[in-house]
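Listed below, chain by chain, are the residues.
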Amino acid sequence: MSRLRRYHERGAFDRPTVYGILDAQPMCSVAYTIDGKPLVTPTLQWREGDHVYWHGSAASRTLRNSTRAAVCMSVAILDGFVLARSGLHHSVNSRSVTLFGTASKVEDPTEKLEKLRHFVNGLFPGRYDELRPDGPQDIKATTVLCMPISEGSAKVRTGGPVDDEQDYDLPIWAGVIPVTTQVGAPIADPRNLSHVGVPDHVRTFTYGGQSRTDPNQGG
């Protein structure tokens, strides 16, 4: 794993910390170099063991040019705004992971199908087997890339503000405004068949450790 050059005390290099952040936040940004120019795209990632995966359209020029190319992936979770007694010491409580590596394409159609099944079921346990089966054209139209989790680091900040000692005597409010992810009630597609109810993996859906206050809501 890499080392942080600044705020090294916030660095975490153990795999449980890195894996925990990756597993808690599927949204990521992946940076590529295309024709000598930097490009960052948001997408969803999922982890299997010591590899991270992401997918997109087979027609994507970015993905086509990223096979066996160097990429950088960043995943971040905002946990709170930290208000200090000076602008310099304002910060955020957050958890993030930055990974570096070489992207490789999952070529085998059977393996690709298994990776996509794992992706869907990882977010919505049991859903994949309830869906229309993916056909050969579906698989052909999808690119799945993967990268080993070997170079990178996590960065974690928790707690309150850290001010200059003399600033603690100032009559200025300081503290933390927590930020959490809230899951709303599901909104049914109006074209759902009338006899189709809300499946359990929708009723019990959680994201980043957060669930709905009333999992029975939604239709």
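Refer to the structure presented above.
Treat the numbers as computed from the prediction; the structure is a model and nothing was measured.

So, how was this worked out
- Residues numbered from 1 in each chain as written.
- Predicted model: local features only at pLDDT ≥ 70, side-chain atom pairs only at ≥ 80, totals over all residues.
- Heavy atoms only, no water.
- Phe/Tyr/Trp six-rings, centres within 6.5 Å; stacked < 30°, edge-to-face > 60°.
- Lys NZ or Arg CZ within 6 Å of the ring centre and 35° of its normal.
- Salt bridge = Lys/Arg side-chain N within 4 Å of Asp/Glu carboxyl O.
- Helix = DSSP H or I, 4+ residues; strand = E, 2+ residues; numbered from the N terminus.
- Core = buried A, V, L, I, M, F, W, Y, C linked by side-chain atoms within 4.5 Å.
- Buried < 20%, exposed > 50% of the residue type's maximum accessible area, 1.4 Å probe, protein only.
- Arc of directions from axis to C-beta.
- 1 Å grid on protein atoms, 1.4 Å probe; cavity = no way out; pocket = protein on both sides within 12 Å on 5 of 7 lines; lining within 4 Å.
- Points joined across faces, edges and corners; volume = space filled by probe spheres on them.
- Nonpolar A, V, L, I, M, F, W, Y, C, P; charged D, E, K, R; others polar.

Participant: I'm lost on the packing of aromatic side chains in this one. Help?
Facilitator: Aromatic ring pairs: the centre-centre distance and the angle between the two ring planes describe each pair. Taken as a whole and assessed by the stated rule, the structure comprises 3 aromatic pairs. Look at Trp-46 and Tyr-53: their rings are 5.8 Å apart centre to centre, the planes differ by 20°, and that puts the pair in the stacked class. Grouped by ring-pair contacts, the aromatic residues Trp-46, Tyr-53 and Phe-119 constitute a single cluster. The lysine or arginine in question, Arg-47, covers the ring of Tyr-19, its NZ or CZ lying 4.1 Å from the ring centre.

Participant: Mind showing me how you'd approach the pattern of salt bridges here?
Facilitator: Close approach of charged atoms allows side chains of opposite charge to pair. Inspection of every chain in the model, using the stated rule, returns 8 salt bridges. Between Asp-79 and Arg-95 there is a salt bridge whose closest N-O contact spans 2.8 Å. Note that Asp-79 is positioned in strand β5 (residues 70-83) and Arg-95 in strand β6 (residues 91-102), a separation of 16 residues in sequence. Here the residues in one salt-bridge network are Glu-114, Arg-117 and Asp-129, joined through shared partners.

Participant: Sorry if this is basic, but what is going on with the nonpolar core here?
Facilitator: Proteins that are soluble and globular tend to have nonpolar side chains buried together. Of all hydrophobic cores here, the largest spans 23 residues; its most connected members are Val-18, Trp-54, Met-73 and Leu-99. Mapped onto this core, the elements with two or more residues apiece are α1 (15-24), β2 (27-34), β4 (51-57), β5, β6 and β8 (142-148). Core analysis: the second largest hydrophobic core is formed by 10 residues, Trp-46, Phe-119, Tyr-128 and Ile-139 among them.

Participant: What is the right way to read α1 from this model?
Facilitator: Among the residues making up α1, those that are buried are Val-18, Tyr-19, Ile-21 and Leu-22. Taken down its axis, α1 places every buried residue within 160° of arc, on the same side.

Participant: Would you mind going over the layout of surface pockets with me for this structure?
Facilitator: The gaps of empty space that remain are located by a probe, the size of a water molecule, rolled over the atoms. Within this model, the largest pocket holds a volume of roughly 360 Å³. In terms of lining, the largest pocket is formed by 20 residues, of which the most central are Asp-23, Ala-24, Pro-26, Gly-122 and Leu-123. For the lining of the largest pocket, the secondary-structure elements that each account for two or more residues are α1, β3 (37-48), α3 (109-123) and β11 (206-207). Its residues assigned to classes, the lining of the largest pocket shows 9 nonpolar, 9 polar and 2 charged. In this model, the second largest pocket occupies a volume close to 300 Å³. Residues belonging to the lining of the second largest pocket are distributed by class as follows: 8 nonpolar, 3 polar and 3 charged.

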